[in-house]
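If you want the building blocks of each chain, they are given just below.
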Amino acid sequence: MGLIKKSNELVIPQTVKMMIYGQAGMGKTTVALSAPKPLLLDFDNGVKRVNLAHLENVDIVQVENWKEIQQLLQQDQGDLAPYQTIVVDTIGKMMDYIITHCCGTRQPQIKDWGRINQEFTWFTRALSSLNKHIVFVAHRDSRKEGDETVFIPSLREKSYNSIVTELDLLGYLEMKSERGVQSRTITFDPTSRNDGKNTCNLPSVMQVPTILNSKAEPIASNTFITDQVIAPYLSMLSVKAEERRKYDELIDTIAEDVSNITDAQSANDFAARIKEYKHIGSSMAKARSLFGAKVKELGLVYDTENKTYTDAEPAA
């Protein structure tokens, strides 16, 4: 039973790993920077297109080569302590840096992809180990599914499949026009026209608020992801964490009661009231497992006729 767990027994992370993708000019970087206390890894040199007002509390690594990223993630993590979110912009351009690091100026060959993929895996694992929110930014690509065109993040196929599996959320950002009014929306739902991943039941289509006026002056705080994406996601996680806390408390109580069993009488008393606990998930199975181990330790014998435990008879 140790390896098989109910949902309430899981260790619940308190961070979100997500990707935002869309075509150029959608403001993907600005939306990504609406996450809490971000550090921007600017692979795409896209920070120059972000309104300066949205960079006021943002620190930036303007990446020039892959060794800088290796040094950043391998050094004492005290430098990264102030940040709650790491923004990778863009993940496709990041892959170009890895390829250049591994292959120089030549095109990668089949033999190179093992090392390239190894660097990519190291990077994603190193980010995950920081215990921070992670927001990947990607350009939009497309694939054909029959007669349909589906929009997807612009990534090499093997990299795409491996990283999307690890994501909590995958959102498609686009511009929509309703009654002559242009507005940006994001959907985390997979649809017939876009890939997506929505693990916390966010609304199917979310309006990205307008934070600049016609003169490109800020009129609102850039907090969309913080307030409307991460906050509800963490709320969902907190519910699961509370379920886990209650489960742990119950198991502690059961374990203490089992430890107080010293003979057949106390064993029968426990067996009679094992169903009286307010069981959660697999707590009944856990209680029976603990009880069975205790009975075996004490050498008690189960009387199938009377359905009770008795002390082991002394050897003749």
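Note that the coordinates shown come from a computational prediction; the quantities given were computed from them, not determined experimentally.

J.: What is the right way to read the overall build of the chain from this model?
T.: Per the secondary structure count, the chain includes eight helices and 12 strands. Over its C-alpha atoms the chain spans a radius of gyration of 27 Å, topping by over 25% the 20 Å that the globule rule assigns to 316 residues. Dimensions of the chain, computed from C-alpha atoms along their principal axes, come out at roughly 90 × 50 × 50 Å. Residue pairs in contact within the chain that sit at least 24 positions apart in sequence constitute 64% of those at least 6 positions apart. Averaging the locations of the 37 positively and 41 negatively charged side chains of the chain gives two centres separated by 5 Å.

J.: Honestly, the nonpolar core in this entry has me stumped. Any pointers?
T.: Nonpolar side chains tend to gather and get buried jointly when the protein is soluble and globular. Ranked by internal contacts, the top residues of the largest apolar core, which has 41 residues, are Met94, Phe123 and Phe136. For this core, the leading source of residues is helix α3 (residues 91–103), giving eight residues. Every residue in contact with Met94, bar those within four places of it in the chain, is listed here: Phe43, Trp66, Val88, Phe120 and Phe123.

J.: Explanation requested: the packing of helix α2 (residues 66–74) against helix α4 (residues 113–128) in the structure shown.
T.: A pair of packed helices is captured by two measures, namely the crossing angle of their axes and the spacing between those axes. Where α2 contacts α4, the axes come no closer than 11 Å and their chain directions differ by 35°. In this structure, α2 meets α4 at a crossing whose hand is left-handed. Residue-level contacts link Trp66, Ile69, Gln70, Leu73 and Gln74 of α2 to Glu119, Trp122, Phe123, Ala126 and Leu127 of α4. In terms of residue class, the contact of α2 with α4 is built from seven nonpolar, two polar and one charged.

J.: Can you help me understand the pattern of salt bridges in this one?
T.: Any two side chains of opposite charge can pair if their charged atoms end up close together. Overall, the coordinates contain nine salt bridges when judged by the stated rule. For the salt bridge of Asp257 with Arg273, the shortest nitrogen-to-oxygen distance reads 3.8 Å. Within this pair, whereas Asp257 is found in helix α6 (residues 224–259), its partner Arg273 is found in the loop between α7 (264–272) and α8 (283–298), the two being separated by 16 residues in sequence. Overall, Arg273 belongs to the partly exposed group, its relative accessible area being 28%. In this structure, Arg273 engages Asp269 in a salt bridge whose closest nitrogen and oxygen atoms are separated by 3.2 Å. Salt bridges sharing partners connect three or more residues here, namely Arg143, Glu145 and Asp195.

J.: For this particular structure, what's the right way to read the packing of aromatic side chains?
T.: Aromatic rings considered in pairs are described by the distance between their centres and by the relative angle of their planes. Evaluation of the coordinates by the stated rule reveals 11 aromatic pairs. Among the aromatic residues, those joined into a ring-pair cluster are Phe43, Trp66, Tyr97, Trp122 and Phe123. The cationic tip of Arg140 hangs over the ring face of Phe151; the distance from NZ or CZ to the ring centre is 3.8 Å.

J.: What exactly am I supposed to notice about the pairing of strand β6 (residues 148–153) here?
T.: Consecutive side chains of a regular strand alternate in pointing toward one face of the sheet and then the other. Relative to β6, strand β5 (residues 133–145) runs antiparallel, the two being bridged by six bridges. Looking at the pairing, Arg140 lines up with Pro153 of β6. In this structure, the hairpin formed by β5 and β6 is closed by a connection of two residues, where Gly146 is found at a positive phi of approximately 65°.

J.: Teacher, can you tell me more about the packing of α2 against α3 here?
T.: Closest axis-to-axis distance for the α2/α3 pair is 9 Å, and the angle between their directions is 105°. Classed by the angle they form, the pair α2 and α3 counts as roughly perpendicular. Residues Trp66, Lys67 and Gln70 of α2 touch α3, and the partners they reach there are Met94, Tyr97, Ile98 and His101. Taken together, the residues that form the contact of α2 with α3 break down as four nonpolar, two polar and one charged.

J.: Please explain the side chain of Thr85 as it appears in this structure.
T.: Relative to the helices and strands, Thr85 resides in strand β4 (residues 85–89). The contact partners of Thr85, leaving out residues within four places of it in the chain, are Ala35, Pro36, Lys37, Pro38, Leu39, Lys132, His133 and Val135.

What counts as what
Residues numbered from 1 in each chain as written. Predicted model: local features only at pLDDT ≥ 70, side-chain atom pairs only at ≥ 80, totals over all residues. Heavy atoms only, no water. Helix = DSSP H or I, 4+ residues; strand = E, 2+ residues; numbered from the N terminus. Rg over C-alpha atoms; globule rule 2.2 N^0.38 Å. Contact = heavy atoms within 4.5 Å. Lys, Arg positive; Asp, Glu negative; His and termini not counted. Charge placed at Lys NZ, Arg CZ, Asp CG, Glu CD. Core = buried A, V, L, I, M, F, W, Y, C linked by side-chain atoms within 4.5 Å. Buried < 20%, exposed > 50% of the residue type's maximum accessible area, 1.4 Å probe, protein only. Axes fitted to C-alpha atoms, helices over the stretch in contact; angles between N-to-C directions. Left-handed = near helix turned anticlockwise from the far one by under 90°. Nonpolar A, V, L, I, M, F, W, Y, C, P; charged D, E, K, R; others polar. Salt bridge = Lys/Arg side-chain N within 4 Å of Asp/Glu carboxyl O. Phe/Tyr/Trp six-rings, centres within 6.5 Å; stacked < 30°, edge-to-face > 60°. Lys NZ or Arg CZ within 6 Å of the ring centre and 35° of its normal. Pairing = 2+ DSSP bridges. Parallel < 35°, antiparallel > 145°, perpendicular 65-115°, else oblique.

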